[in-house]
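So you can see what is in the structure, the chains are spelled out below.
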Amino acid sequence: MTASDAEMAPSSASPAAPNQQRRPLVVMRGVSKMFSSGTVALSDMSLTVNGGEFVSLLGPSGCGKSTALRIMAGLGDVSSGTIDWPSSRINSKGLPEGDISFVFQEPTLMPWQTVFGNVHLPLKLKGVSKAAARDEIMATLATVGLKDFADAYPRELSGGMKMRVSIARALVTKPKLLLMDEPFAALDEITRQKLNDDVLRLWKETGITVIFVTHSVFESAYLSSRIVVMRARPGRVHADFPLHTSLERDAHYRTSEEYRQACETVSETLLEAMGGEDTH
Ligand SMILES: Nc1ncnc2c1ncn2[C@@H]1O[C@H](COP(=O)(O)OP(=O)(O)OP(=O)(O)O)[C@@H](O)[C@H]1O
Ligand SMILES: [Mg+2]
């Protein structure tokens, strides 16, 4: 299935595109997290992410990026501080029901289920039958270039295709917020760049808000409308800045002076976060 990666539509997405919904979507205020081991993963972390943003979260290993994402997704409690969802209806667990999806580094597909069955899972959990979900699932598979692979099993897919199934599974419920924790770290560079273009296209088409954890300066500079750099021990925000560009983010952008400068800015800020003073 090596040709499959080439099936995706070329990206015309641009993080410079106007983002429709500038209202705060999630607001972390003074969030601290201490694990029972005594490790302080986050200390007094504040971050507001607005609707329609594409925010990359970078920082040294262990600075609390995954912890912050998991807390936002309701997969862990805060030790102190608050998380608010000003534009969402909140359920009894304090979470905006159905509004958040998570994509992990591993695609975590069920091997005994087809691609269709895997993407059906979140709808099944909501009580939607396969028959009732068929149109939605097929439309979502089409957006990630996998509509011809609905009946395939995960073992028949390449790494990039498995990750696309994982993204389709996250998108099928039409969430407002997509949390991605190093989703492409295990993929080769070409596949990674293709998936970067796919995610940009989906972001532009759907208006979804994305918080994207990565260790890659290049990836973050390519994708983001905003960069948040964290520092470690204890984890907190070190720098937070927008990434404007006059160019469409495509193959030409990757070789442009603007992109080179963006990479330099992100890289320098990351180096500061590993040693120097806070910049905000
Ligand atoms: N379940 C846990 N129990 C105890 N300590 C934890 C747990 N999860 C994370 N930690 C600790 O919290 C700190 C932050 O971890 P976290 O996984 O959020 O970092 P990260 O920035 O995502 O790192 P990486 O870039 O390596 O993925 C680390 O010191 C880690 O050891
Ligand atoms: Mg992590």
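The structure displayed is predicted, hence computed values, not measured ones. (Residues numbered from 1 in each chain as written. Chains lettered and ligands numbered in written order. Predicted model: local features only at pLDDT ≥ 70, side-chain atom pairs only at ≥ 80, totals over all residues. Heavy atoms only, no water.)

**Q** Mind laying out the overall build of the chain, listing which residues take part and the relevant values?
**A** Looking only at helices and strands, the chain has eight helices and nine strands in total. A compact globule built from 280 residues would reach a C-alpha radius of gyration of about 19 Å, and the chain, at 19 Å, matches this within 12%. Projected onto its principal axes, the C-alpha positions of the chain cover 55 × 50 × 35 Å. Of all 280 residues assigned to the chain, the portion counted as buried reaches 54%. Within the chain, residue pairs in contact and separated by at least 24 positions form 74% of the contacts whose partners lie at least 6 positions apart. A total of about 12,900 Å² of accessible surface is found on the chain, and carbon and sulfur atoms cover 53% of it. (Helix = DSSP H or I, 4+ residues; strand = E, 2+ residues; numbered from the N terminus. Rg over C-alpha atoms; globule rule 2.2 N^0.38 Å. Buried < 20%, exposed > 50% of the residue type's maximum accessible area, 1.4 Å probe, protein only. Contact = heavy atoms within 4.5 Å. Areas by Shrake-Rupley, 256 points an atom, 1.4 Å probe, with all protein chains shown as cover.)

**Q** Would you mind going over the site of ligand 1 in detail, with residue names and values included?
**A** Around ligand 1 sit 14 residues, and of these Ser61, Gly62, Lys65, Thr67 and His215 come closest. Cys63 is positioned with one of its backbone polar atoms (N or O) 3.2 Å from an oxygen atom of ligand 1. In this structure, Ser66 approaches ligand 1 through a side-chain N or O atom, which is 2.9 Å from an oxygen atom. Coverage of ligand 1 by the protein chains reaches 60% of its 630 Å² of free accessible surface. The greatest single-element share of the shell around ligand 1, amounting to three residues, is contributed by helix H1 (residues 65–72). Among the residues making up the shell around ligand 1, the classes are represented as four nonpolar, eight polar and two charged. (Near = heavy atom within 4 Å. Polar contact = N/O pair within 3.5 Å; in protein donor to acceptor, adjacent residues only side chain to side chain. Nonpolar A, V, L, I, M, F, W, Y, C, P; charged D, E, K, R; others polar.)

**Q** For the layout of surface pockets, give the residues involved together with the corresponding values.
**A** Empty space within the largest pocket amounts to approximately 720 Å³. Lining of the largest pocket is provided by 23 residues; of these, Ile100, Ser101, Phe102, Pro122 and Leu125 occupy positions nearest its centre. Secondary structure elements with two or more residues in the lining of the largest pocket: strand S5 (100–103), helix H2 (115–124) and helix H4 (159–171). Of the residues belonging to the lining of the largest pocket, the class tally is eleven nonpolar, seven polar and five charged. Residue assignment places the lining of the largest pocket across two domains, with domain 1 (3–99 + 176–275) and domain 2 (110–174) each supplying three or more. The computed volume of the second largest pocket comes to approximately 370 Å³. Along its surface, the second largest pocket is lined by 21 residues, and Lys174, Pro175, Thr206, Gly207 and Ile208 are the ones closest to its centre. Looking at the lining of the second largest pocket, the elements that each hand over two or more residues are strand S1 (24–34), helix H3 (130–143) and helix H5 (189–206). Of the residues that constitute the lining of the second largest pocket, the class distribution is seven nonpolar, eight polar and six charged. (1 Å grid on protein atoms, 1.4 Å probe; cavity = no way out; pocket = protein on both sides within 12 Å on 5 of 7 lines; lining within 4 Å. Points joined across faces, edges and corners; volume = space filled by probe spheres on them. Domains from an automatic or database assignment.)

**Q** Can you lay out empty space enclosed by the protein for me, pointing to particular residues and giving the numbers?
**A** Taken as a whole, this structure holds one cavity of 30 Å³ or more when the rule is applied. Approximately 40 Å³ is the volume attributed to the largest cavity. Residue lining of the largest cavity: Ile167, Leu171, Leu178, Val199, Leu202, Trp203, Ile208 and Val210, and that is the complete set. If you list the elements that add at least two residues to the lining of the largest cavity, you get H4 and H5. Sort the elements by how many residues they give to the lining of the largest cavity and H5 lands first, with three residues. By residue class, the composition of the lining of the largest cavity is eight nonpolar, no polar and no charged.

**Q** Residues and numbers for the packing of aromatic side chains, please.
**A** In this structure the tally under the stated criterion is seven aromatic pairs. Their ring planes at 80° and their centres at 5.7 Å tell us that Phe54 and Trp203 sit as a pair that is edge-to-face. You can see Phe54 sitting in strand S3 (residues 54–58) and its partner Trp203 sitting in helix H5, a full 149 residues away along the chain. As far as the burial class goes, Phe54 and Trp203 line up, both buried. A connected cluster of aromatic rings, assembled from ring pairs, spans Phe54, Phe184, Trp203 and Phe212. (Phe/Tyr/Trp six-rings, centres within 6.5 Å; stacked < 30°, edge-to-face > 60°.)

**Q** Describe the domain arrangement of the chain, naming the residues involved and giving the relevant values.
**A** Taken domain by domain, the chain comprises domain 1 (3–99 + 176–275) and domain 2 (110–174). Just the C-alpha atoms count here: the centres of domain 1 and domain 2 sit 24 Å apart. The interface is formed by 19 residues belonging to domain 1 together with 16 residues belonging to domain 2. Of the roughly 1,300 Å² buried where domain 1 meets domain 2, counting both sides, 65% is carbon and sulfur surface. Our enumeration of links across domain 1 and domain 2 arrives at one salt bridge. Residues Arg164 and Asp198 are paired through a salt bridge, measuring 3.2 Å at the closest nitrogen-oxygen approach. The tally of links from domain 1 across to domain 2 stands at two residue pairs in polar contact (both at pLDDT 80 or more). Put simply, the parts of the chain that give the side of domain 1 that touches domain 2 at least two residues each are strand S6 (177–181) and H5. (Buried area = accessible area lost by both parts, 1.4 Å probe. Salt bridge = Lys/Arg side-chain N within 4 Å of Asp/Glu carboxyl O.)

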